[in-house]
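# Structural description and commentary
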Amino acid sequence: MASQTYDWKRTVRGLAVLVALYLFVVYVVPRPASVKPEGWRVAAIFFSTILGLIIQPIPGGAVVLLGVTLAAASGGLTIDQALMGWASPTVWLVIAAFFMSRGLINCGLARRLALFFVRVCGKTTLGVCYGLSLSDMVLAAMIPSNSARSGGIILPIARTIAELYGSTPGATSALMGSFLITAVYQSICVTAAMFYTGQASNPLAAQIAGGMGYQITWASWLFAASVPGLVSMLVVPWVVMKLDRPQIVRTPEASAFAARELAAMGPLKRGEKILAVVFAAVCGLWVTSSTTHINITVTALGGGLALLLTGVLSWDDIKSERAAWDIFVWYGGVIRLGTALNEFGVTKAFAQGVSDQFSTLSWMGLLAVALLIYFYAHYAFASITTHILAMFAPFVGVLLAKGAPAGLTFFSFACFSNFAAGLTHYGTTPTPMFFASDYVSMKNWWKVGFVVSLANLAVWSTVGFAWWKLIGLW
């Protein structure tokens, strides 16, 4: 069966494009004098790997594994050095969080939490959106997979509520569904920016920052992003309502539906009680890690093991968590290749070259220009992670070389990466799930995405920058 469905022509064409990019970088693009030939070859492999993650002639994990192998074969890295990425605590933090998120979903606690917020807030259509957004925000503290929490938990509830009021894809979508699907999606892009664990690529941004000498913790990310994030969560649904006002604005049945569903679920079950305790303990230890000096990866692994020992998770659950193991393979590889660029001085050379081109701008002017370019470049990406891998380190390096404050620079690019995913119908993993519900046309999706992007940029560059000034990030 595999041989019948395997598109070898597409694979060959795609790999040929990657080889062409490698040869172009190595033999055509001038190598900076400060970068050794082996470092430039690794850089070419890195760029080809990023392009491979975008066009995927073979699955993303296989692309990265190929890149890591070639980095060792080219002489740029030894095999021991090439494989070091899979020993990264960041990789194990993400995979442990995925395991705990599986427990949250399997035992029903995540759905119970979402229904609770809808019951409390769901008397109006706008309130339903706020309730679902708050649910996603709380779950983002633990679940790094935005597709699992947003696509697997939040979206089905949003669709069910729309259907309760007769709003289905097509002629009746304007009753409620069009607004609800769009506003909830735009809100989850904001909640992804609010937590270290809000999206699988956030720890990657923190890892890159750490490699450049600036440490970001779970608590410091939450402290920095909480104020602008909460303001954006208030503003975004209101903006969407102005652009796509639902015909039904009062929704008492939504609150009643949530109450009925909660009643049907009954009292908290054993697994939910255990998971609630583990959830609170893990988050508490993450927040206090700077005081307790317990590494957040150790805490995450401990939480996963606690769920295994108490039977909330089985080893079969762990083995069958395909998304987690897929991320483990490509995440560890790209972290290693990205780290190698720093070690060979490629990022520094790029930053210096760009800084020289914009020598007349102050760091603040350069920050404004770079953030806008970085943000709207997401039109070309279908993944937040790929966007970060391709552009985060070089742009941050440019700003640091210009004298920009490290805290302001790192948090700006890290947070902006997430709500940039609201621009298109392919911006991040759960986006196609929301768009495929067929409540919103592509034209309206892109129109709302652009206007909301302006609102988010306004909030984070005013309230956010002011808050970061107040707490000493710049």
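Everything below is about the structure shown above.
Residues numbered from 1 in each chain as written. Predicted model: local features only at pLDDT ≥ 70, side-chain atom pairs only at ≥ 80, totals over all residues. Heavy atoms only, no water.

## Some details on the overall build of the chain
If you tally the helices and strands in the chain, you get 24 helices and zero strands. Oriented by its inertia axes, the alpha-carbon framework of the chain measures out at about 70 × 55 × 50 Å. Here the chain, with 474 residues, has 54% of them falling under the buried criterion. Here the analysis covers contacts within the chain between residues at least 6 apart in sequence; of these, 78% occur between residues at least 24 apart. Across the chain, the 28 positively charged side chains and the 16 negatively charged ones have centroids separated by 6 Å. (Helix = DSSP H or I, 4+ residues; strand = E, 2+ residues; numbered from the N terminus. Buried < 20%, exposed > 50% of the residue type's maximum accessible area, 1.4 Å probe, protein only. Contact = heavy atoms within 4.5 Å. Lys, Arg positive; Asp, Glu negative; His and termini not counted. Charge placed at Lys NZ, Arg CZ, Asp CG, Glu CD.)

## Some details on helix α6 (residues 89-107)
Here α6 is 19 residues long and its end C-alpha atoms lie 27 Å apart, about the 27 Å a rise of 1.5 Å per residue gives. Where burial is concerned, most of α6 is hidden: 14 out of the 19 residues are buried. (Expected span 1.5 Å × (residues − 1).)

## Overview of the side chain of T197
Locating T197 in the fold gives a position in the loop between α10 (177-194) and α11 (202-211). At a separation of 3.0 Å, a polar atom in the side chain of T197 contacts the main-chain carbonyl oxygen of A140. Contact partners of T197, with chain neighbours within four places excluded, come to A140, A141, M142, I143, P144, R149, W218 and W286. (Polar contact = N/O pair within 3.5 Å; in protein donor to acceptor, adjacent residues only side chain to side chain.)

## Some details on the environment of F328
If you trace the backbone, F328 turns up in helix α18 (residues 322-343). Under the relative-accessibility criterion, F328 is labelled buried at 15%. The spatial distance from the C-alpha of F328 to the C-alpha of G311 is 24 Å, given a sequence separation of 17 residues. Ignoring any residue separated from it by four or fewer positions in sequence, one finds F328 in contact with W86, V91, W92 and I95.

## Quick look at the packing of aromatic side chains
On inspection of all chains with the given rule, the structure shows 30 aromatic pairs. Ring geometry for Y185 against F434: centres 5.5 Å apart, planes inclined by 55 degrees, an arrangement best described as tilted. Taken as a pair, Y185 in helix α10 and F434 in helix α23 (residues 431-435) lie far apart in primary sequence, 249 residues in all. For F434, a relative accessible area of 1% puts it in the buried group. With a centroid separation of 5.4 Å and 75 degrees between ring planes, the pair formed by F223 and W467 is classed as edge-to-face. In this pair, F223 is assigned in helix α12 (residues 218-243) and W467 in helix α24 (residues 442-470), connecting sequence segments 244 residues apart. A relative accessible area of 47% places F223 in the partly exposed class. (Phe/Tyr/Trp six-rings, centres within 6.5 Å; stacked < 30°, edge-to-face > 60°.)

## Let's talk about helix α8 (residues 125-140)
Taking 1.5 Å as the rise per residue, α8 with 16 residues should run 22 Å; its terminal C-alpha atoms sit 23 Å apart, in good agreement. Of all 16 residues in α8, 13 are buried; the element is thus mostly enclosed.

## Re the nonpolar core
Counting 159 residues, the largest nonpolar core has F392 and F413 as the members making the most contacts within it. Looking at this core element by element, the count peaks at 11 residues for α10. Dropping the residues within four chain positions of it, F413 is found in contact with L367, A370, L371, Y374, F392, F395, V396 and L399. (Core = buried A, V, L, I, M, F, W, Y, C linked by side-chain atoms within 4.5 Å.)

## Observations concerning the pattern of salt bridges
The tally for this structure, following the rule as stated, stands at eight salt bridges. The salt bridge involving R111 is made with E261; its shortest N-O contact spans 3.0 Å. Here R111 is found in helix α7 (residues 109-121), whereas its partner E261 is found in helix α13 (residues 252-265), with 150 residues between them in sequence. Measuring nitrogen to oxygen at the nearest pair gives 3.4 Å for the salt bridge that ties D316 to K319. In this pair, D316 and K319 are both assigned in helix α17 (residues 315-319), three residues apart and thus about one turn of the helix distant. (Salt bridge = Lys/Arg side-chain N within 4 Å of Asp/Glu carboxyl O.)

## Overview of the environment of R270
Its location among the elements puts R270 in helix α14 (residues 270-287). Measuring from C-alpha to C-alpha, the distance between R270 and F435 comes to 36 Å, with 165 residues separating the pair along the chain.

## Things to note about the side chain of R149
Within the secondary structure, R149 sits in helix α9 (residues 146-164). Classification of R149 as buried rests on a relative accessible area of 0%. Among the polar contacts made by the side chain of R149, one reaches the side chain of D136 at a distance of 3.1 Å. Aside from chain neighbours lying at most four places away, what touches R149 is D136, L139, A140, I143, P144, I154, I188, T191, A192, T197 and G198.

Taken by themselves, the reported measurements are silent on function.
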